[in-house]
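Read off the chains here:
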Amino acid sequence: MKNYKIAILAGDGIGPEITREAVKVLKLIEERNDVSFELMPALFGACAYFATGDAFPQETKDICDSADAILKGPIGLSHEESKNIPIDKQPERGALLPMRRRYNTYANFRPVSLPKELAHFSPLKAEIIGEGIDIIIVRELVGGLYFGEKEMGVNKDGLRYVKETLEYDENQIRQILHQAFKLAGHRKKVLHNIHKSNVLKSSVLWNEILEEVAVEYPEIEVINILVDAAATLLCLKPTQFDVMVMENMFGDILSDQGGGILGSLGLMPSACIGDDKAYYEPSHGSAPDIAGKNIANPYSMIGSVAMMLENSFDMADEAKNVWAAMQGVFADGFSTADLSKPGSGVNMISTIEFGDKVVE
Ligand code: ATP
Ligand code: MG
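Residues numbered from 1 in each chain as written. Chains lettered and ligands numbered in written order. Predicted model: local features only at pLDDT ≥ 70, side-chain atom pairs only at ≥ 80, totals over all residues.

1. A few points about the sheet that holds strand β8 (residues 190-195)
Paired through their backbone hydrogen bonds, the strands of a sheet run either parallel or antiparallel. Strand order in the open sheet formed by 10 strands is β2-β1-β3-β12-β11-β4-β5-β10-β8-β9, with mixed pairing between adjacent strands. Since the sheet does not close on itself, it has two edges, and those belong to β2 (35-41) and β9 (221-226), each with one partner. Geometrically, the sheet is characterised by an average inter-axis angle of 25° between neighbouring strands, direction not taken into account. Relative to strand β10 (residues 243-246), strand β5 (residues 132-140) is paired through 4 bridges, and the arrangement is parallel. Directly across from I137, in β10, lies its bridge partner M244. Helix α8 (residues 201-214) contacts β8 and β9 of the sheet and is inclined by roughly 160° relative to β8. (Pairing = 2+ DSSP bridges. Helix = DSSP H or I, 4+ residues; strand = E, 2+ residues; numbered from the N terminus. Axes fitted to C-alpha atoms, helices over the stretch in contact; angles between N-to-C directions. Contact = placed C-beta atoms within 7 Å.)

2. Topic: the site of ligand 1
The local shell around ligand 1 holds 17 residues, among which G266, H284, G285, A287 and N297 are the closest. Residues belonging to the shell around ligand 1 are distributed by class as follows: 6 nonpolar, 8 polar and 3 charged. (Near = placed C-beta within 6 Å. Nonpolar A, V, L, I, M, F, W, Y, C, P; charged D, E, K, R; others polar.)

3. Considerations on the pairing of strand β7 (residues 160-164)
Buried residues are scarce in β7, accounting for 0 of its 5 residues. Strand direction decides the pairing type here: strand β6 (residues 150-154) and β7, joined by 5 bridges, are antiparallel. Among the inter-strand pairings, E151 is bridged to a residue of β7, identified as K163. Between β6 and β7, which pair antiparallel one after the other, the connecting turn spans 5 residues, and G158 there sits at a positive phi close to 80°. (Buried ≥ 20, exposed ≤ 12 C-beta atoms within 10 Å, placed from the backbone.)

What follows is the structure in structure tokens.
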């Protein structure tokens, strides 16, 4: 029997609620297969800061170090609450970025996917969605503005100023592009490269490296699009995209837009992959506005489990079953509050009920 250790970081806000449902699914997978999961819960994010003074405590690091994979809920506080925590101790700076750096999880895969049968969830017209949306955003996750040097102070004119640097070296760019080309090779063999080379030098280098890497993948068609134009096209003609690759910040913004065109951020799971470690998390934040109400959509978290099964445990068939089970709940006319538009005929169910129906 295979034995996998999974660090479970439930996180903040809606994190514990959606993690509970994801764990139900993991337990079922364990029952159905010749596999055992050792679940190792740990504090991470604002909850960890309040308990220990550190958003990514040593104990959590040790648990994550020893895990075969990490399932991570969203972290963070509301804008108001976060004012009470020193800036460097905040969940994103104190836990999320250090986690990405620690495990060098440079490749973030974010599916933006809505089968035709669920097109009614999208705010886009049915004729725009056509046969369904099926995009994977490949976001660089350990470079760019998020990790560059930062400075804040008062300049010689007495004005408050801020400086943030966007830095990539060619190896960082090359490794994420290889991931994107490989993925495109397993899919439609088209890669949309999202950049801003008319303004940013980082994009100029990015595109130069892309031309070099592309030589190794002659079967892949590359289409270059400026990030601003891509934002428009994601709304007007999302079906033209299959694999989209981009730097860190562009990926953050366009993937939230991806959640928007699906109808909810609750439909956005993701996988964050490094050479030796991977963690899985919803693409969205901790949604403090709906926390504790049993109304969050756990699809993003259960979908992250599916990505873990496929990628870390070589259980692609069970991953497919998880996707099918979740989409089956929707197809049966049920959905969580985020996707239940008045008059849509959808039966609204809670976070817990959604998890139970997936397991059923
Ligand atoms: P972050 O900076 O951490 O990405 P954010 O500012 O982008 O956070 P989120 O917390 O991701 O904001 O969510 C924005 C809104 O989307 C939430 O306030 C919530 O209303 C909705 N939302 C996000 N995730 C879910 C979910 N799983 N189910 C239902 N609604 C959600
Ligand atoms: Mg966000």
